[in-house]
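# Architecture at a glance
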2 protein chains.
Amino acid sequence: MTPPLSPPRPSGHQRERLAFEEFLERRGLKLTRQREAVMKAVLEASGHFEAEEVVTLLRQGALRVSRATVYRTLDLMKECQLVEKLDLGTPHSYYEQVNLGEHHDHLICVTCGAVTEFHDLELETVQAEVCRRHGFSITHHSLRIFGQCQACLEKTG
Amino acid sequence: MTPPLSPPRPSGHQRERLAFEEFLERRGLKLTRQREAVMKAVLEASGHFEAEEVVTLLRQGALRVSRATVYRTLDLMKECQLVEKLDLGTPHSYYEQVNLGEHHDHLICVTCGAVTEFHDLELETVQAEVCRRHGFSITHHSLRIFGQCQACLEKTG
DNA sequence: AAAGAGATGAGATTGATTCTCATTAGAGTA
DNA sequence: TACTCTAATGAGAATCAATCTCATCTCTTT
C-alpha cells in the first residue's frame, strides 16, 4: 500500500499516541504507565468494546490498573477525540476507537446485535442543512438505525 | 379548523386512548385506574419528561401510583408506540408522547440543554438508501444532533 | 530529602431502573 | 354473597454501570 519512496511516517498508532501525549501535555497531565496501558488496549481494540472489557483485559497484564483509572482514561481519550462513547441501546455504554477525525454512524441489528458502521456524505450534508435552517451550530451527532441485518433477514426468510 | 360538516371525531386524546385500550385488550391486560392515571398524565404532557416527573405529578392526585407501576406503564405505552424513550445524553431517560406514527429527531443544545424537534423527509430518504445498500431492514432510528442553539450562540457572540 | 502536584486504587456511594413477593382488585362463576 | 383465579400493585430490596472519596503513592523539582 505505502509507496516505496514515501517519506517514513509514524507506524502503528504513533499518530494517535502523539495526539494523546500532546493533549495531556496541554492539560498539564502526565502519561503514566496506567494511562499508557489503557491507551494501548484501546488503540489495539477493534470495533466496539465495553469499559469493563478493558478492565478485564488489563487484569491479565503485569501492571494493575483500577476500574476508576480505566474510566478516567477513557474520558480523557474521549475529550481528545480518540474514542467515542456509544449508546447501542444497552444499559451500559460502549466505546470505539476513532481514526482521527473520521466519524461514522451505526446500523444496529435488533435480532443478533451486530453493529455495522457506515458513513454517508449526503447524510451529513442534509444534516448540515437542517442545522442551518434552525440557526443551530453543530458540534457532533449520533445516528443509530435499528432493524434487521441481511444475515438475520435471510435466516428468518 | 374542523370543517363544520365533518363527521364527529374523537376529540382530545380519544384516539390514543382507544389505541392503548385495544393494545391492552389484545394482550389480555386491563385498563386499571393506575394505568389510566399514567396514560392521562403522559398524553397531557408536552415535550419531554422524565419518569420521575410522572411519579411526582401523580403523588398529588387522589390515587396513589407507585414508581414501579409508572415504569411498567411507560413500557407498555412504548410498546404500543404511544411514547418514545429518549436518550438525550443525560444519565437518565426521557420520554415523549408520539402522535400516532409521527417521528421526529432532536437538536440538543449542549449549553442550555434545550431540545428542539425536527423532521426532514430528505433525511429519511437518504437513510432508507443507506439501508438499502446494506440490505438492512430498518424498524426505527434515532438521530441526535448536539451543538449550540441560536439563543446560546447569540449570547456567546 | 523535603515539598508539591498530579495520579492511583479500594471500596463506598450514587441513582435510575428493575425485580421480588406478599397483598389487593376485579371479572367470572357457582 | 361467597369463592376462585389471574392479573396488578406497591414497598422496599436488588442491580449495576458509573462516579466519587480519600488515603497513599509517584514524580519532578527544589
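This is a predicted model, so every value here is computed, not measured.

### Considering the domain arrangement of chain A
All names here are of chain A.
- Each assigned domain of chain A is listed with its residue range as follows: domain 1 (13-100) and domain 2 (103-157).
- Summarising the inter-unit geometry, the C-alpha centres of domain 1 and domain 2 are found 24 Å apart.
- Listed per partner, the contact involves seven residues of domain 1 and eight residues of domain 2.
- Contact between domain 1 and domain 2 buries roughly 600 Å² in total, counting both sides, with carbon and sulfur atoms accounting for 51%.
- In this structure, the connection of domain 1 to domain 2 is made through one salt bridge.
- Notably, a salt bridge pairs aspartate 87 with arginine 144, separated by 3.2 Å at the nearest N-O pair.
- If you look at where domain 1 meets domain 2, you find three residue pairs in polar contact (both at pLDDT 80 or more).

### Re the protein's contact with DNA strand C
- Neighbouring DNA strand C are 18 residues, the closest being Thr32(A), Arg35(A), Arg64(A), Thr69(A) and Tyr71(B).
- Restricting the count to atoms of DNA strand C within 4 Å of the protein gives a sugar and phosphate share of 73%.
- Taken together, the elements giving at least two residues each to the surface near DNA strand C come down to α2 (33-44) and α4 (67-79) of chain A together with α4 (67-79) of chain B.
- Taken together, the residues that form the surface near DNA strand C break down as five nonpolar, six polar and seven charged.

### Considerations on the relation of the copies chain B and chain A
- Turning chain B through 180° and shifting it by 0.1 Å along the axis lays it on chain A, with an RMSD of 0.1 Å. With respect to symmetry, the two chain copies, as superposed, fit the operation of a two-fold axis. Closest approach to the rotation axis among the C-alpha atoms of chain B is made by Leu143(B), whose C-alpha sits 2.1 Å away.
- Most of the interface of chain B is mirrored in chain A: 100% of its interface residues are interface residues there too.

### A look at the environment of Gly47(A)
Residues and elements named next belong to chain A.
- With respect to the helices and strands, glycine 47 occurs in the loop between α2 and β1 (48-49).
- Taking relative accessible area as the criterion, glycine 47 reaches 34% and is therefore assigned partly exposed.
- Sequence separation of glycine 47 and alanine 19 is 28 residues, and the distance between their C-alpha atoms is 20 Å.

### Considering the packing of helix α2 (residues 33-44) of chain B against α4(B)
All names here are of chain B.
- Packing of α2 against α4 brings their axes to within 10 Å, and their N-to-C directions diverge by 65°. Compared by their axis directions, α2 and α4 come out roughly perpendicular. The hand of the α2/α4 crossing is right-handed. For the pair α2 and α4, contact is made by Gln34, Arg35, Val38, Met39, Val42 and Leu43 and by Thr69, Val70, Thr73, Leu74, Leu76 and Met77, respectively.
- A per-class count over the contact of α2 with α4 returns eight nonpolar, three polar and one charged.

Calculation notes
- Residues numbered from 1 in each chain as written.
- Chains lettered and ligands numbered in written order.
- Predicted model: local features only at pLDDT ≥ 70, side-chain atom pairs only at ≥ 80, totals over all residues.
- Heavy atoms only, no water.
- Domains from an automatic or database assignment.
- Contact = heavy atoms within 4.5 Å.
- Buried area = accessible area lost by both parts, 1.4 Å probe.
- Salt bridge = Lys/Arg side-chain N within 4 Å of Asp/Glu carboxyl O.
- Polar contact = N/O pair within 3.5 Å; in protein donor to acceptor, adjacent residues only side chain to side chain.
- Near = heavy atom within 4 Å.
- Helix = DSSP H or I, 4+ residues; strand = E, 2+ residues; numbered from the N terminus.
- Nonpolar A, V, L, I, M, F, W, Y, C, P; charged D, E, K, R; others polar.
- Least-squares fit on C-alpha atoms with pLDDT ≥ 70 in both.
- Buried < 20%, exposed > 50% of the residue type's maximum accessible area, 1.4 Å probe, protein only.
- Axes fitted to C-alpha atoms, helices over the stretch in contact; angles between N-to-C directions.
- Parallel < 35°, antiparallel > 145°, perpendicular 65-115°, else oblique.
- Left-handed = near helix turned anticlockwise from the far one by under 90°.

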